[in-house]
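Observations on chain architecture
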Amino acid sequence: MPLSQPAERERLHTRAIEINGYRRADGLYDIEAHLTDCKSYGMANVDRGYIEAGEPLHDLWLRLTLDEHLNITAVEAASDQTPYKVCPAAAPSFARLAGLQIKGGFLREATRLVSGTVGCTHLRELLQQMATTAYQTINPSRARRELAAEGRPDEKHGSDALDKRITEKWGGVEKILNTCLAYDANGPLVKRRWPNLYIGPDRMPETAAE
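First, a word on scope: everything that follows refers to the structure included in this document. (Residues numbered from 1 in each chain as written. Predicted model: local features only at pLDDT ≥ 70, side-chain atom pairs only at ≥ 80, totals over all residues. Heavy atoms only, no water.)

Describing the nonpolar core
Selection rule: Put simply, a nonpolar core is a bunch of buried Ala, Val, Leu, Ile, Met, Phe, Trp, Tyr and Cys residues held in one set by side-chain atoms that sit within 4.5 Å of each other. With a 1.4 Å probe rolled over the protein chains alone, any residue whose accessible area is under 20% of its type maximum counts as buried; one over 50% counts as exposed, and the rest are partly exposed. Helix and strand definitions here come from DSSP, where helices need a minimum of 4 consecutive H or I residues and strands a minimum of 2 consecutive E residues; each element is numbered from the N-terminal end. Here, two residues are considered to be in contact whenever any of their heavy atoms come within 4.5 Å of each other.
Within the largest apolar cluster, 31 residues are counted, with the highest numbers of intra-cluster contacts made by Leu 62, Leu 66, Ile 72, Phe 94, Leu 97, Ile 102 and Leu 123. In terms of residues, this core owes the most to one element, helix α2 (residues 121-149), which gives eight residues. Sequence-distant contacts of Leu 66, that is, excluding residues within four places in its chain, are made with Leu 28, Tyr 29, Ile 31, Asn 71, Ile 72, Thr 73, Ile 102 and Ile 138.

What follows is the structure, given as structure tokens:
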């Protein structure tokens, strides 16, 4: 366990989220999420009678189908287990997300379309992680195929070629510079990969124009 030893405790609730990215035979991509909520104890429920310990309170699915430019072409949601009978009626509303593109402002626009009483809080919560998974699925897939087409498969140990090409798909390093510790303009990664953007104390001085 990477965390410190916890205090004596009893587990009460488990939320599990699994998100997979797939490249389809037709060239599109599926980003598919599965969420479950389970209690460690049984509980009475008006609509379901009794929910046993370990039985999902929520068992939800959401699939986004996208093209290579992160345009959503289709959406499917399913609510297999919910605490209330009415909950599954929210799933079809997520089809409204078709036509959006995953880019800056995506979550704001998506929330507008499926917020409030037309949507489901827990399905909506999946969208942020699914958007990140879409980037991590589609951009590397495109970059790998491009490098292979150029006769440069990124199989050499220690190579930055694939990672640099993926960064281009994100819109260039300027889009992610200083967004996290790894991409700190003072840090070793930027110094090695983009020395022209490195601003650490040991940066190379600019060559004076002759």
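Now, onward.
Observations regarding the packing of helix α1 (residues 106-114) against α2
The condition is simple: Note on definitions: angles span 0 to 180 degrees between N-to-C directions of axes, and those axes are lines fitted to C-alpha atoms, for helices only across the stretch in contact. For this classification, under 35 degrees means roughly parallel, over 145 means roughly antiparallel, 65 to 115 means roughly perpendicular, and everything else is oblique. Take the far helix as the reference: if the near one is turned anticlockwise from it by less than a right angle, the crossing is left-handed, and if turned clockwise, right-handed. Residues were grouped as follows: Ala, Val, Leu, Ile, Met, Phe, Trp, Tyr, Cys and Pro as nonpolar; Asp, Glu, Lys and Arg as charged; and all remaining residues, including Gly, as polar.
Here α1 crosses α2 at 155°, and the two axes come no closer than 10 Å. Accordingly, the angle class assigned to the pair α1 and α2 is roughly antiparallel. The handedness of the crossing between α1 and α2 is right-handed. Contact residues: α1 offers Phe 106, Leu 107, Ala 110, Thr 111 and Val 114, while α2 offers Arg 124, Leu 127, Gln 128 and Ala 131. Its residues placed into classes, the contact of α1 with α2 shows six nonpolar, two polar and one charged.

Side note on the sheet that holds strand β2 (residues 29-39)
Strands belonging to one sheet form pairs held by backbone hydrogen bonds; the direction of such a pair is parallel or antiparallel. Filter applied, for reference: When DSSP finds two or more bridges between two strands, those strands count as paired.
Taken in spatial order, the four strands of this open sheet run β1-β2-β5-β6, and their pairing is antiparallel. The open sheet has two edge strands, β1 (13-23) and β6 (72-81), and neither has a second partner. When the angles between neighbouring strand axes are averaged without regard to direction, this sheet yields 10°. The pairing of strand β5 (residues 56-66) with β6 spans eight bridges and is classified as antiparallel. Directly across from Leu 60, in β6, lies its bridge partner Ser 79. Along the sheet, α2 contacts β1, β2, β5 and β6; its crossing angle with β2, the most-contacted strand, is approximately 145°.

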